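Residues per chain, in single letters:
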Amino acid sequence: TGLRPNYLAGLGFSPASIIDIGVYRGTPFLYNAFKGARFLLVDPLPETQISAAQWLEKLDAELMICALGEEAGSATLSIPKFGEKRGEARAGEPL
């Protein structure tokens, strides 16, 4: 749901810059709708440099490997591999 990039582009919306936060493998529908925009791609995972490489070649884009938050600081980000179960969240508990 919500406004789709192709719909916005069809209305004449043409942003000069777009920030894609949490890019990992990319957001192709966004890139295809606004091919003339400058993109800032942001993701905390170092492997995003590999998975987003195709977009860096095709777009006017810069990739930043970092996390964003309201306060400066650092944290350890642990992401289990597909199929692993670690610390399952229960209903009503924060993730």
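Above this note sits the structure.
Note that this is a predicted model, so its numbers are computed, not measured.

**Q** Quick one: what's the story with the side chain of Asp 20, residue by residue and with numbers?
**A** Residue position: Asp 20 is located in strand 1 (residues 17–21). In this structure, Asp 20 is buried with no salt-bridge partner, the nearest side chain bearing the opposite charge being Arg 38 at 13 Å. A distance of 2.7 Å separates the side chain of Asp 20 from the side chain of Thr 27, its partner in a polar contact. Dropping the residues within four chain positions of it, Asp 20 is found in contact with Thr 27, Leu 30, Tyr 31, Leu 40, Leu 41 and Val 42.

**Q** So what's going on with the pattern of salt bridges? Residues and values would help.
**A** Scanning the entire structure with this criterion turns up two salt bridges. Taking the shortest distance from any N to any O, the salt bridge between Arg 38 and Asp 60 comes out at 2.9 Å. Residue Arg 38 is found in strand 2 (residues 38–43), and its partner Asp 60 is found in strand 3 (residues 60–65); the two are separated by 22 residues along the sequence. Judged by relative accessible area, Arg 38 falls into the partly exposed class, the value being 32%.

**Q** Got a sec to walk through the side chain of Asp 43? Specific residues and values, please.
**A** Residue placement: Asp 43 occurs in strand 2. Although buried, Asp 43 forms no salt bridge, and the nearest oppositely charged side chain, Arg 25, lies 10 Å from it. A distance of 3.0 Å separates a polar side-chain atom of Asp 43 from the backbone nitrogen of Leu 45. Excluding residues within four positions of it along the chain, Asp 43 makes contact with Gly 22, Val 23, Tyr 24, Thr 48, Met 64, Ile 65 and Cys 66.

**Q** So what's going on with a nonpolar patch on the surface? Which residues, and what values?
**A** A cluster of nonpolar side chains, namely Ile 19, Ile 21 and Leu 68, defines an oily patch on the protein surface of about 330 Å² accessible area. Here Leu 68 lies in the segment after strand 3.

**Q** Account for the sheet that holds strand 1, naming residues and giving values.
**A** Taken in spatial order, the three strands make up an open sheet running 1-2-3, and their pairing is parallel. Either end of the sheet is taken by a strand with one partner, and the two such strands are strand 1 and strand 3. The mean inter-strand angle of the sheet, taken between neighbouring strand axes irrespective of direction, is 15 degrees. Where strand 1 and strand 2 come together, five bridges link them in parallel fashion. The residue bridging Ile 21 from the neighbouring strand is Val 42, located in strand 2.

Procedures and definitions
- Residues numbered from 1 in each chain as written.
- Predicted model: local features only at pLDDT ≥ 70, side-chain atom pairs only at ≥ 80, totals over all residues.
- Heavy atoms only, no water.
- Helix = DSSP H or I, 4+ residues; strand = E, 2+ residues; numbered from the N terminus.
- Buried < 20%, exposed > 50% of the residue type's maximum accessible area, 1.4 Å probe, protein only.
- Lys, Arg positive; Asp, Glu negative; His and termini not counted.
- Salt bridge = Lys/Arg side-chain N within 4 Å of Asp/Glu carboxyl O.
- Polar contact = N/O pair within 3.5 Å; in protein donor to acceptor, adjacent residues only side chain to side chain.
- Contact = heavy atoms within 4.5 Å.
- Patch = residues over 30% accessible without salt bridge, like charges linked within 9 Å, V, L, I, M, F, W, Y side chains within 5 Å.
- Areas by Shrake-Rupley, 256 points an atom, 1.4 Å probe, with all protein chains shown as cover.
- Pairing = 2+ DSSP bridges.
- Axes fitted to C-alpha atoms, helices over the stretch in contact; angles between N-to-C directions.

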